[in-house]
Amino acid sequence: MEFREDTVRSMLAKYKFRDLTVQELKNVHKAYQNFTYSMDTYTFKDGTFKHLLNCKGTVPTKYQGNLYNIPVRLWILDSHPFAPPLCFLMPTVNMGIRVGKHIDAEGRIYLPYLQTWSHPKSNIIGLFHEMIAKFNEELPMYSLSAADAQEKFELLSYISKVTEGVSDIDVNSKSQAAMGDHKNVEVKKITVIGGGDLGIACVMAILAKGFEEQIVLLDLSEGSTKGGGAMDLDIFHLPNLEISRDIAAAAGSKVVVFTVNAWTNAQTYLNVIQSNVDLLRGIVPALAHHCQHCVLLVASQPVDIMTHVVWKLSGFPENQVIGIGCNLDTERFRYTIENVLMAHSWGKEAWIVGEQGEEKVPAWSNRARSPSYADGVTDHTTFQEQLANRATEILKSKGQRSWSVGLSVADLVESIVKNKRKVHSVSTLAKGSCSIHTDVFLSLPCMLGSSGVLEIVRTPLNDDAVMQKLQSSAATMHALQQQLRL
């Protein structure tokens, strides 16, 4: 069967990485010439649908000395090859699906190769090799008896008859109409990606607040068993918690929290960051397909740069991608001023902004700098510097442990899910603020709501020293970002 490159290329007109995808499909055709390609509608678990490339064909399997051609269907996502395809068995009328470790009742195929997919290491031919190896161990389908086959044929004929002349989009819209008022009910679902200490801390903190209706922990650690913390959560069955290794489980989430970090022996700071970029590149595009309207909250380190990476890989609007930034620093700073230094009226006007880490800087609202504020203080600038220095000295010994970051994450998630319109110091696209003209993310006071960042509150950003500090951080970060391979 001939591979019509021009036809395939035109079908992939809206794909983000069309040339890479076409080249890979050409390689697939050389090895598996029976596959055909068409554009069809795929419906995701959350009820949304998308027109995707549909690849149908057979893969050869040898089981107990006999050769079988197993019919399969691959849906190629529009962020391919950075996201794995969705794989299904395609049984004929006289075949039944054998549910097992790698196959569910709907014929969806789950393989370790899909879970650890990472371009350019992973590709469709490699996927087929693993698929064949697993099918050689256990056939994924079996022959139905004549009676069962006839019953299945009659059912399929009936479905074909009642849907005759109705397009996929019509069927989808009618099913949504049949749902009535249920389509307006939004489940408060949160997904946390990463089964390490920080991921577990975020899950526990969110559960403790009790505002979620469902929380998913995506444990993407390598190997067949869950990480230690994720395994313990699975053992003790916490309410409203689902633990999964399938990115599709995140579908319908209001907020997705990234806590993953790559463990690497890289010797340079740039190589460490690149390892995290490579890790996120295998996660974010696929996640974006399943959660197109969610808010992405990044806690992976270094948080400002990783937030920029997630924003680029997701293709989301800037307001939907947020880093945890200096939220924890600001809350600690305010608490110390109000409850340790007993300067109660000053605490609520204080912020920590800028680059998360050593380069962060204290800032004060316009109100705190006005002459009428805090009677008895004649030199506001000197007093603020003294407060900031004393608070900073007190906080030097306070590290950012997983549990404390988890509490901060839960605080941010609650503001988003509940649409509280509360102002937090979080990492957001700083372009256009403080005379910054590059695509960098820095912590700025932002009002958060159900769509992410609703507004950047600019009142603490008028101080010249603060602006210069943020501009310096922006220049450094932009130079580093230019060296990363996205």
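Residues numbered from 1 in each chain as written. Predicted model: local features only at pLDDT ≥ 70, side-chain atom pairs only at ≥ 80, totals over all residues. Heavy atoms only, no water.

Q: Sorry if this is basic, but what is going on with the overall build of the protein chain here?
A: Across its full length, the protein chain carries 17 helices and 17 strands. Taking all 486 residues of the protein chain together, the buried fraction comes to 49%. Here the protein chain has roughly 23,600 Å² of accessible surface; of this, 52% comes from carbon and sulfur atoms. (Helix = DSSP H or I, 4+ residues; strand = E, 2+ residues; numbered from the N terminus. Buried < 20%, exposed > 50% of the residue type's maximum accessible area, 1.4 Å probe, protein only. Areas by Shrake-Rupley, 256 points an atom, 1.4 Å probe, with all protein chains shown as cover.)

Q: What exactly am I supposed to notice about the packing of helix α11 (residues 303–314) against helix α17 (residues 464–481) here?
A: One can describe the packing of α11 onto α17 by two numbers: an axis separation of 11 Å at closest approach and a directional angle of 55°. With respect to their mutual orientation, α11 and α17 come out oblique. Considering the relative orientation of α11 and α17, their crossing is right-handed. Contact with α11, carried on its side by D304, I305 and H308, involves M477, L480 and Q481 of α17 and no other residues of that element. Per-class residue counts for the contact of α11 with α17 are three nonpolar, two polar and one charged. (Axes fitted to C-alpha atoms, helices over the stretch in contact; angles between N-to-C directions. Parallel < 35°, antiparallel > 145°, perpendicular 65-115°, else oblique. Left-handed = near helix turned anticlockwise from the far one by under 90°. Contact = heavy atoms within 4.5 Å. Nonpolar A, V, L, I, M, F, W, Y, C, P; charged D, E, K, R; others polar.)

Q: Quick question: what am I supposed to make of the packing of aromatic side chains here?
A: To describe a pair of aromatic rings, you give the distance between the ring centres and the angle between the ring planes. Taken as a whole, this structure holds nine aromatic pairs when the rule is applied. Among the aromatic residues, those joined into a cluster by ring pairs are Y32, F35 and F128. Here R334 stacks its cationic end above the ring of W351, 4.2 Å away from the centre of that ring. (Phe/Tyr/Trp six-rings, centres within 6.5 Å; stacked < 30°, edge-to-face > 60°. Lys NZ or Arg CZ within 6 Å of the ring centre and 35° of its normal.)

Q: Explain the pairing of strand β2 (residues 49–63) here, please?
A: The two faces of the sheet receive side chains in turn, since in a regular strand these alternate between them. Sheet topology note: the strand β1 (residues 36–43)/β2 ladder contains eight bridges and is antiparallel. The partner of T43 across the bridge, within β2, is F49. Two elements, β2 and strand β3 (residues 66–76), share 11 bridges in a ladder whose sense is antiparallel. When the bridges of β3 are listed, L53 appears paired with I76. (Pairing = 2+ DSSP bridges.)

Q: Can you walk me through the pattern of salt bridges in this structure?
A: Note that side chains of opposite charge can pair when their charged atoms are close. Under the defined criterion, the tally for this structure stands at 14 salt bridges. Across the pair D411 and K422 runs a salt bridge, and its minimum N-O distance is 3.6 Å. Linking D411 in helix α16 (residues 402–417) with K422 in strand β15 (residues 422–429), this pair joins segments that are 11 residues apart in sequence. The exposure class of D411 is buried, given its relative accessible area of 14%. Put simply, K431 and D439 hold a salt bridge, and the shortest N to O gap is 3.6 Å. (Salt bridge = Lys/Arg side-chain N within 4 Å of Asp/Glu carboxyl O.)

Q: What should I look at first to understand the environment of C446 in this one?
A: By the element assignment, C446 lies in strand β16 (residues 441–449). Look at C446 and you get buried, because its relative accessible area is 0%. Residues C446 and R458 lie 12 residues apart in sequence; the distance between their C-alpha atoms is 8.7 Å. Apart from the residues lying within four places of it in its own chain, the contact partners of C446 are K422, V423, H424, V426, T428, V453, E455 and I456.

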